[in-house]
Amino acid sequence: MAYVISDECVSCGSCAAVCPADAISEGDGKYVIDADACLDCGTCEAECPNEAIHPGE
Ligand code: SF4
């Protein structure tokens, strides 16, 4: 199950810089995670200064 980025995202880009799968890119108003590429590693969740990244349901 892929991680997801909520509306608390302020598009700082911190998560995209650390993703080992290069699964995070800038979307419309916030960053988005490519669910097919996400490895479910959690690296991005720890990096987000806004706690906007959470495990998917
Ligand atoms: Fe990338 Fe890991 Fe975050 Fe998935 S959980 S988007 S692989 S850093």
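Residues numbered from 1 in each chain as written. Predicted model: local features only at pLDDT ≥ 70, side-chain atom pairs only at ≥ 80, totals over all residues. Heavy atoms only, no water.

**Q** Run through the environment of cysteine 15, naming residues and quoting values.
**A** Within the fold, cysteine 15 resides in helix α1 (residues 14-18). Since its relative accessible area comes to 8%, cysteine 15 is described here as buried. With 10 residues separating them along the chain, cysteine 15 and isoleucine 5 place their C-alpha atoms 9.8 Å apart. Setting aside residues no more than four positions away along its own chain, cysteine 15 makes contact with Ile5, Ile24, Tyr31, Cys44 and Ile53. (Helix = DSSP H or I, 4+ residues; strand = E, 2+ residues; numbered from the N terminus. Buried < 20%, exposed > 50% of the residue type's maximum accessible area, 1.4 Å probe, protein only. Contact = heavy atoms within 4.5 Å.)

**Q** How would you summarise the nonpolar core if you had to cite specific residues and measurements?
**A** Core analysis: the largest hydrophobic core is formed by 13 residues, its most contacted members being Ile5, Cys15, Ile24, Tyr31, Ile33, Cys44 and Ile53. Taken together, the elements giving at least two residues each to this core come down to β1 (3-5) and β3 (31-33). In this structure, isoleucine 53 is in contact with Tyr3, Val4, Ile5, Cys15, Ile33, Cys44, Glu45 and Cys48, ignoring residues within four places of it in sequence. (Core = buried A, V, L, I, M, F, W, Y, C linked by side-chain atoms within 4.5 Å.)

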